[in-house]
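Structural overview
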Amino acid sequence: MLVINMGTLESTSVVVISLLLSLSLSDGSNILNQKLGCLDFSLVMLKAKTLIGSETLQDIFLERIGYLKSPFLFSVDSCNADLNTKVKNAKVLTVAAQIYRSEYNITLQEFETLANKCMKAKSPMIRAHPKYRSIDGRGNNLKNPEWGASDTPFSRYGPHNYEDGVYKIKKSVTGADLPNARLLVRDLLMKAVRSPPPKVTYNMMGLLIILFATHDLHYQVPTTPHCKEADIRCCSKDGQYALPNDLSNSACFPIEISKEDPFYKHENIGCLNVVRSQLGTYSNVAKPGQILNRATAYLDLSLIYGNNDSEMRPIRLYKGGKLRMGKGNLLPVNCNGKYLPSMDRFVVTPIASIWPALFARNHNNLASGLAKLNRRWDDETLFQEARRINIANFQFNLITAKSIEKVFNKVVNESYSDKRNAATFAEFSFTYRGGHYYIPQHMVLRHKNSSETKHLQSDTIGKIDILENDFDAALRGAAQQHVNDEQYADEIINRIGKDSKGYGLDLISLDIQRARDQGIPSFVEIRRKCKLQPEINSFDDFGKIFNKANVDLLKSMYASYEDVDFYVGGLLEAFVSVANPFAGPTFGCIIGENYNNVMGGDIYYFSHPENPHPFTTAQINAVRNYAIPNLFCANSGLKETNKYWSLTPSAMNPTTKCTEFPPMDLSAWKE
């Protein structure tokens, strides 16, 4: 009864609003040929709010009658009132843009111009830089205080790739649906030819730092239910089929599975649950159809410190400038022993928590060293200085020490400019999702006596105690285990978050579906934007960068060469090089441009002279002398480590005693 009544009310409201709109445009002229008015804009915004209100009531009704499921691995808190308001505002703006597009043929750019004129919103004024960077990234750029801040939209390297130019899922250029994501994995990526692996092989630490860095810069979250510890359900309870539209949440975007699927058919699974990403917007600029980034866009270790004050405060010990560490001295926790919400993505996948643990430990070791040097420093000074140096260690070893250059053949060396927006590209996260290919079947622990323990990756999910109980064994194992260079591990394409029968999610299919959800441009479109040669203007042109077998696979799956997903094309490029480098030139273009923004748009970057509280020359030299092998040795019980930390041990890469890699020299910070 509630739904019927509200539906009637909604229909009446829409009719009234539509009538008002028609009256406001009663001269019959095309809206493109007349001055766009703010009255029209207000009415369309009201219509959008009404539509969303009705849709929200329907979604809540479905939740109440059980159209929810147990939380997935990477579920997030859905009871943040301030964030929910921002997400709702972003959705209203997006629906309004769609109304203008469909009813009045107004482009997205024209709508943004109109919205900015009529909304007259202002961002908070920040007149001066504080000594230390803010926890949420706000105020890094005084002219544009929200650039790079948490809970603001991703930027984009290329244009929106939506069917309506705003938010509707893209179709093929032929008008048909794009190829099914699971079929692309099964019938293209699993069958694609790979080049032989290189003689010099990256280890898991080399791969994991890439995944760690990208998660420090982006945190995408799906639309969530209304304050419930559950996820939106888009498939039937038994997983056999996708729910029909009238019983489906408006955010549903499931992957349908063929009855002939060689893995899922045995359990009659015909649907994988996927929910569309949350939308985001700025306070002062209209940006419809943009995806929310809950992380800061700076290399600031927000994974371990949090992305806002409410996350950081509970994990501080407020004594000696230290973080409160949990079991095994592994990661920061609150007073109840709970890990940071931003770290949930990593805590559920223990192998990914090795790098965060190293930097969390590094913070406390830095705080202890600073306290011995400067006995008059209070807790706040010790904490902020340790955090500042820890971030500098991260920035140096990832960018200045040329790790990005070595792994991706991309030079990153930018001076500061307040005209550069550091906001993370939406495309960037998908370049690093390509790293999922290199994850091996097992997580390997290597113990002091050189014995090994192997765990299937899917068996480690949710078992952070593996690291809590023996962190050193996990670090040794990752430093000596080479990345996967063959077919995708079964663990990644079938068993992520598996149930009691061993059936889980296909992570690669999810990556493809997520890119479509977020309107990522096609592979060919991004190559053009990057001005890469050779140009791709036909399927046959793919033969200039891929082998013939893989080109034939593309032809068999896609109706047009223009349709090839950015993620799929980028992976095929990676298969040509197989970890030498980790990504081909198209992914590499996005990676390089994004890190140039990260470095060039961050006034607090450790080596920038514009830094409001710049490091001295002696301090910069101390940072440069503290390389990753030093980080390993200072923050673990290891007695030796690889000379070249990102490569597997070999005659050319012998293990070296930790006495060669001392703790950081903090004497330049003595006052």
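Structure first, text after, so check above.
Attention here is on the structure that accompanies the text. (Residues numbered from 1 in each chain as written. Predicted model: local features only at pLDDT ≥ 70, side-chain atom pairs only at ≥ 80, totals over all residues. Heavy atoms only, no water.)

**A closer look at the nonpolar core**
Put simply, the rule reads: To form a nonpolar core, buried Ala, Val, Leu, Ile, Met, Phe, Trp, Tyr and Cys residues must be joined to one another through side-chain atoms within 4.5 Å. Throughout, exposure labels follow a simple rule: accessible area from a 1.4 Å probe, protein chains only, divided by the maximum for the residue type, with under 20% read as buried, over 50% as exposed, and the rest as partly exposed. Should any heavy atoms of two residues lie within 4.5 Å, those residues are considered in contact.
Among the nonpolar cores identified, the biggest contains 186 residues, and Leu188, Leu189, Met205, Ile354, Trp355, Phe542 and Tyr595 are the most heavily contacted of them. Sequence-distant contacts of Ile354, that is, excluding residues within four places in its chain, are made with Met205, Leu208, Leu467, Phe471, Ala474, Leu475 and Ala478. With 5 residues, the next largest nonpolar core counts Ile232, Cys234, Ala251 and Val275 among its residues.

**Considering unusual backbone geometry**
Just so we agree on the cut-off: Comment: elements are numbered from the N terminus, with helices defined as DSSP H or I runs of at least four residues and strands as E runs of at least two.
Cis geometry is found at the peptide bond from Gln533 to Pro534, where omega equals 0 degrees. With respect to the secondary-structure elements, Pro534 resides in the loop between helix H19 (523–530) and helix H20 (548–557). The phi torsion at Asn268 lies on the positive side, around 55 degrees, for a residue other than glycine. Within the secondary structure layout, Asn268 lies in the loop between strand S4 (255–256) and strand S5 (271–272). The phi angle at Ser450 is positive, at roughly 75 degrees, despite the residue not being glycine.

**Structural notes on the environment of Ile620**
By the secondary structure assignment, Ile620 is in helix H23 (residues 617–624). The buried category is assigned to Ile620, whose relative accessible area is 16%. Sequence separation of Ile620 and Gly592 is 28 residues, and the distance between their C-alpha atoms is 24 Å. Residues contacting Ile620, with those up to four places away along its chain left out, are Phe606, Ser607 and Phe615.

**A look at helix H11 (residues 379–400)**
Applicable threshold: How far a helix is expected to stretch is found by multiplying one less than its residue total by 1.5 Å.
Compared with the 32 Å implied by 1.5 Å per residue over 22 residues, the 30 Å span of H11 between its first and last C-alpha is a close match. Here H11 lies mainly inside the structure; 19 of its 22 residues are buried. Of the residues flanking the end of H11, it is Lys402, one or two places downstream, whose phi is positive at about 70 degrees.

**What to know about the packing of aromatic side chains**
Stated formally: Ring geometry is summarised as follows: Phe, Tyr and Trp rings, the Trp one being its six-membered ring, pair when their centres sit within 6.5 Å, and such pairs are stacked at plane angles under 30 degrees, edge-to-face over 60 and tilted between the two. Two conditions define a charge located above a ring, namely a distance within 6 Å from the ring centre to NZ of Lys or CZ of Arg, and an angle within 35 degrees of the ring normal.
Considering all chains together, one arrives at 34 aromatic pairs under this definition. Here the aromatic rings of Phe212 and Phe394 are separated by 5.3 Å at their centres, their planes lie at 45 degrees, and the arrangement is tilted. Highlighted residues: Phe212 in helix H6 (residues 204–217) and Phe394 in helix H11, separated in sequence by 182 residues. One exposure class covers both Phe212 and Phe394, and it is buried. The lysine or arginine in question, Arg388, covers the ring of Phe615, its NZ or CZ lying 3.9 Å from the ring centre. Over the aromatic face of Tyr157 sits the side chain of Lys529, whose NZ or CZ is 4.4 Å from the ring centroid.

**Quick look at the pairing of strand S7 (residues 442–446)**
How we decide: Two strands are counted as paired when DSSP detects at least two bridges linking them.
For S7, a buried count of 4 out of 5 residues is recorded, marking the element as mostly surrounded by other parts of the structure. Here S7 folds back onto strand S8 (residues 452–456), and the loop between the two strands holds 5 residues, one of which, Ser450, carries a positive phi near 75 degrees.

**Focus: the pattern of salt bridges**
If charged atoms from side chains of opposite charge come close, those side chains can pair. Cut-off, in case you're wondering: Definition used for salt bridges: Asp or Glu carboxyl oxygen within 4 Å of a side-chain nitrogen of Lys or Arg.
If you walk through the whole model with that rule in mind, you get 31 salt bridges. Glu414 is the salt-bridge partner of Arg420, the closest N and O atoms lying 2.8 Å from each other. For Glu414, a relative accessible area of 23% puts it in the partly exposed group.

**What about the state of the cysteines?**
The test is simple: When the sulfur atoms of two cysteines come within 2.5 Å, that pair is taken as a disulfide.
The final tally for this structure, using the stated rule, is 5 disulfides. Between the sulfur of Cys38 and that of Cys118 lies a disulfide, 2.2 Å long from S to S. Handedness here is read from the sign of the S-S torsion; for Cys38 and Cys118, about -90 degrees, the answer is left-handed. Placement of the pair is Cys38 in helix H2 (residues 38–64) and Cys118 in helix H4 (residues 108–119), with a sequence separation of 80 residues. Of the residues examined, Cys38 reaches a relative accessible area of 31% and is grouped as partly exposed. The partner cysteine of Cys633 in its disulfide is Cys658, sulfur to sulfur 2.1 Å. On the sign convention where negative is left-handed, the bridge of Cys633 and Cys658, at about -70 degrees about the S-S bond, is left-handed. Linking Cys633 in helix H24 (residues 628–634) with Cys658 in the segment after strand S10 (655–657), this pair joins segments that are 25 residues apart in sequence. On the basis of relative accessibility, which here comes to 12%, the residue Cys633 falls in the buried class.

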